[in-house]
Amino acid sequence: MREAEGGKIKRLSLLLLITMMFAAVIAALNSCGDHEKTDEELLADARKTAVKYCGSCHEAPDASLLDSATWDKYILPAMGTKLGMRPFMDQYIAGPNAVLSLADWTKIAVYYRYASPKKLKIPKPDAVIDSAIFSVKRPALIDTTSGEAMTTMVKFNPVDKHFYTGDAGNKLYRWNADLSATLVKKFHSPITDAIFYQSASEPNSAVITCIGILPPNDQLKGTLTHIDLSRKSKDTTLMEDSLPRPVKSAAADFNKDGLMDYVSCGFGRDRGGLFLLQQQTNHSFKRKIIRAIPGAEIVYTGDFNGDGWPDIACLFAQADEGIWLFLNDKKGGFITRNIMRFPPVYGSSSFQLVDFNHDGKLDIVYTCGDNNDYSPVFKPYHGVYIFINQGDWKFKQTYFYHINGCSKAIAADFDHDGDLDLAVIAFFPDYKYHPTEGFTYHEQLSPGKFKVHEVPVNLLGRWISMEAGDIDGDGDTDLVLGNFSVGAQGLMNQKDYKPNWDMFEPIIVLQNKTVHK
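Here the structure is a predicted model, which means the values were calculated and not measured.

Definitions and cut-offs
Residues numbered from 1 in each chain as written. Predicted model: local features only at pLDDT ≥ 70, side-chain atom pairs only at ≥ 80, totals over all residues. Heavy atoms only, no water. Helix = DSSP H or I, 4+ residues; strand = E, 2+ residues; numbered from the N terminus. Rg over C-alpha atoms; globule rule 2.2 N^0.38 Å. Buried < 20%, exposed > 50% of the residue type's maximum accessible area, 1.4 Å probe, protein only. Contact = heavy atoms within 4.5 Å. Pairing = 2+ DSSP bridges. Salt bridge = Lys/Arg side-chain N within 4 Å of Asp/Glu carboxyl O. Axes fitted to C-alpha atoms, helices over the stretch in contact; angles between N-to-C directions. Parallel < 35°, antiparallel > 145°, perpendicular 65-115°, else oblique. Left-handed = near helix turned anticlockwise from the far one by under 90°. Nonpolar A, V, L, I, M, F, W, Y, C, P; charged D, E, K, R; others polar. Patch = residues over 30% accessible without salt bridge, like charges linked within 9 Å, V, L, I, M, F, W, Y side chains within 5 Å. Areas by Shrake-Rupley, 256 points an atom, 1.4 Å probe, with all protein chains shown as cover. 1 Å grid on protein atoms, 1.4 Å probe; cavity = no way out; pocket = protein on both sides within 12 Å on 5 of 7 lines; lining within 4 Å. Points joined across faces, edges and corners; volume = space filled by probe spheres on them. Polar contact = N/O pair within 3.5 Å; in protein donor to acceptor, adjacent residues only side chain to side chain. Lys, Arg positive; Asp, Glu negative; His and termini not counted. Phe/Tyr/Trp six-rings, centres within 6.5 Å; stacked < 30°, edge-to-face > 60°. Core = buried A, V, L, I, M, F, W, Y, C linked by side-chain atoms within 4.5 Å. Domains from an automatic or database assignment. Buried area = accessible area lost by both parts, 1.4 Å probe.

### Examining the overall build of the protein
Next, step 1: Secondary structure summary: the protein contains 5 helices and 31 strands in total.
Next, step 2: Compactness check: the protein gives a C-alpha radius of gyration of 25 Å against a globular reference of 24 Å for 517 residues, within 12% of the reference.
Next, step 3: Of all 517 residues assigned to the protein, the portion counted as buried reaches 54%.
Next, step 4: Long-range pairs, those at least 24 residues apart, make up 51% of the contacts in the protein with a sequence separation of at least 6.

### Concerning the pairing of strand 20 (residues 334-342)
Next, step 1: As judged from the 8 bridges shared by strand 19 (residues 321-328) and strand 20, these two strands associate in the antiparallel manner. Pairing of W324 across the sheet is with N338, part of strand 20.

### A look at unusual backbone geometry
Next, step 1: Even without a glycine there, the phi angle at S242 is positive, about 60°.
Next, step 2: Looking at where S242 falls in the secondary structure, it is placed in strand 12 (residues 236-243).
Next, step 3: Residue classification places S242 among the partly exposed residues on the basis of a relative accessible area of 31%.

### Description of the pattern of salt bridges
Next, step 1: Counted under the stated rule, the structure contains 16 salt bridges.
Next, step 2: The partner of D45 in a salt bridge is K107, and the shortest N-O contact between them spans 3.2 Å. Remark: K107 occurs in helix 5 (residues 102-114) and D45 occurs in helix 3 (residues 39-54); sequence separation between them is 62 residues. The two residues D45 and K107 agree in class, both being buried.
Next, step 3: One salt-bridge network, held together by shared partners, links R138, D502 and E505.

### Overview of the sheet that holds strand 18 (residues 311-316)
Next, step 1: The strand order 17-18-19-20 describes an open sheet built from 4 strands, whose pairing is antiparallel. Two strands bound the open sheet, and with one partner strand each, they are strand 17 (296-302) and strand 20. Neighbour-to-neighbour, the strand axes of this sheet turn through a mean angle of 20°, independent of strand direction.

### Observations concerning the packing of helix 4 (residues 68-82) against helix 5
Next, step 1: At a minimum axis distance of 9 Å, the contact between helix 4 and helix 5 shows a crossing angle of 155°. When the interaxial angle is binned, helix 4 and helix 5 end up roughly antiparallel. Every pair of crossing elements has a handedness; the one defined by helix 4 and helix 5 is right-handed. Judged by residue contacts, S68, W71, D72, L76, M79 and G80 of helix 4 engage W105, I108, A109, Y112 and R113 from helix 5.
Next, step 2: When the residues that make up the contact of helix 4 with helix 5 are grouped by side-chain class, the tally is 7 nonpolar, 2 polar and 2 charged.

### Let's talk about a nonpolar patch on the surface
Next, step 1: On the surface, F88, M89 and I93 cluster together into a nonpolar patch covering about 340 Å² of accessible area.
Next, step 2: Along the chain, the position of F88 falls in strand 1 (residues 85-88).

### Structural notes on the packing of helix 3 against helix 5
Next, step 1: For the pair helix 3 and helix 5, interaxial distance at closest approach is 8 Å and the crossing angle is 110°. By the angle between their directions, the pair helix 3 and helix 5 is classed as roughly perpendicular. Seen along the crossing, helix 3 lies across helix 5 with a hand that is left-handed. In contact with L43, D45, A46, R47, T49, A50, Y53 and C54 of helix 3, helix 5 contributes D104, K107, I108, V110, Y111, Y112 and Y114.
Next, step 2: Each residue belonging to the contact of helix 3 with helix 5 can be placed in one class, and the counts come to 10 nonpolar, 1 polar and 4 charged.

### Regarding empty space enclosed by the protein
Next, step 1: Within this structure, the stated rule accounts for 3 cavities of 30 Å³ or more.
Next, step 2: Here the largest cavity is characterised by a volume of approximately 50 Å³.
Next, step 3: Considered class by class, the residues forming the lining of the largest cavity number 8 nonpolar, 4 polar and 1 charged.

### Things to note about the environment of D421
Next, step 1: Along the chain, D421 turns up in strand 26 (residues 421-426).
Next, step 2: On a C-alpha basis, the gap between D421 and K451 in space is 9.6 Å, while along the polypeptide they are 30 residues apart.
Next, step 3: Apart from the residues within four sequence positions on either side, D421 is in contact with I410, A411, A412, D413, F414, D415, Y441, H442, E443 and Q444.
Next, step 4: A distance of 3.5 Å separates the side chain of D421 from the backbone nitrogen of D415, its partner in a polar contact.
Next, step 5: Polar side-chain contacts of D421 include one of 2.9 Å to the backbone nitrogen of Q444.

### Quick word on the side chain of E297
Next, step 1: Mapped onto the secondary structure, E297 falls in strand 17.
Next, step 2: There is no salt bridge for the buried E297, and the closest opposite charge comes from R245, which lies 8.7 Å off by N-O distance.
Next, step 3: With residues near it in sequence (within four places) discarded, E297 still touches V247, K248, C265, F267, C314, L315, A317, S348, S349 and S350.

### Some points on the packing of aromatic side chains
Next, step 1: Under the counting rule described, the total for this entry stands at 31 aromatic pairs.
Next, step 2: With 6.1 Å between their ring centres and 80° between their planes, F134 and F439 make a pair best called edge-to-face. You can see F134 sitting in strand 4 (residues 134-137) and its partner F439 sitting in strand 27 (residues 439-446), a full 305 residues away along the chain.
Next, step 3: Accessibility expressed as a relative area gives 2% for F134, which makes it buried.
Next, step 4: The buried category is assigned to F439, whose relative accessible area is 1%.

### What to know about the nonpolar core
Next, step 1: Judged by nonpolar contacts, the single largest core of 45 residues is most densely connected at M79, W105, Y112, Y346, I364 and Y366.
Next, step 2: Taken together, domain 1 (39-119) and domain 2 (128-187 + 250-292 + 302-512) each give at least three residues to this core, which thus spans both.
Next, step 3: Every residue in contact with I364, bar those within four places of it in the chain, is listed here: I323, I339, M340, F351, Q352, L353, Y385, I386, F387 and F395.
Next, step 4: I211, L274, I312 and F316 belong to the second-largest nonpolar core, a separate cluster that totals 20 residues.

### Here's the deal with the domain arrangement of the protein
Interfaces are often described in size by the accessible area the parts lose on coming together.
Next, step 1: In terms of domains, the protein is made up of domain 1 (39-119) and domain 2 (128-187 + 250-292 + 302-512).
Next, step 2: Just the C-alpha atoms count here: the centres of domain 1 and domain 2 sit 33 Å apart.
Next, step 3: On the domain 2 side, the residues contacting the 13 residues of domain 1 number 14 residues.
Next, step 4: Of the roughly 1100 Å² buried between domain 1 and domain 2, counting both surfaces, carbon and sulfur atoms make up 69%.
Next, step 5: A salt bridge links D270 to K82; the nearest nitrogen and oxygen atoms lie 3.9 Å apart.
Next, step 6: Inspection of the domain 1/domain 2 interface yields 1 residue pair in polar contact (both at pLDDT 80 or more).

Put into structure tokens, the structure is as follows:
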């Protein structure tokens, strides 16, 4: 009896929401002759409308991906604003630039409010807490007078066998094996990436990506700068400026003219894109837009279709999330192919192309966990994934491990047993109840089967960046973790948690202790 009454109350509340808007909305939802639709039919019809409009810009998210309160308080108002709907007394009105009718918007709101769960179910961790194959090495000297550590990049230089870091103070440092740092150069803005290379005329050089303004914005302040690391003067040359918040870059001679070109991820905020910087004979660069969509985050170059010409693979992580191939058309342009797509609530954070199962085809290691936008709640689908290439760039998911706020994974044979393992960091883990998920080592025991180790380094920093390389020169792969220690100003989704990690150490090294047989 109570269940029946509860059903009636639920139905009344659902219809009341609609009736409060306009009689036309009721007609739109119940337009099926003289047959009044059931709750299930109403929601099914509302879902179709949501898929129609939301799916026109990105993969339409299912209502089950977030709890109803998050949809109602954060996502729907943000979505409505972009579609020209204005909040008004807990409801909406259509603005002059609305791109859909109020009736259709109400259907969308009904779907996400009433088809979503009250609470998301977060998987329980299945890991051991130990040091696995690593030992921690910390910097020799820490400067506590220059403010909190805000490392923005760690990158290993295969030319000189040192690793480099960038920070929010715009400084580029070179680190020795004993973890002492030398200031290389101060740039105009924070450094987010470095491409190291050598040539006959340049024994040790780099192309440095500077983001411009670090917090989310659309200002054209980003740059690419060349630096000669072999010279004592550390001469620099500005290659390109006015980029929208660039975060990663990659190099290739796309038109085979003997001059190196670059592709840069202009993440931006509401505006951005993936840009080709084509080198001219006078060594200036001509900019072309490859894809004018914000959120370009990780980029690789390579011959992905085997035709002998360099192509591009890029992860986009803003609204229309997914991985795209840009295949060289040999005429100065690219043919676009989407190979993976994710809902916009995923918070895509990294991907790596690697032949995980040694079958000659590139697979994908992917992470999602950016968790500081409109839905800062823990999500059951955040974590690390492996997608195996089935041929023709079609993929099958073979592994997922849940990690709150997962931000990057690196696949490598860390334990020297012939298969690939995973090192994973999380910038938005559950600091309050499960802080050791901030760094995990996934040891592959047999094909597709992993033992997960939570290495307890959570008190040493907040890890925003990670790089792999033979730091100590002993023949195995070590890891450098970059500490972006700031825990305030909107960078925490657990508002009542006070950071307890080290605020000053810019990096730590996880030295590989594997015994070589």
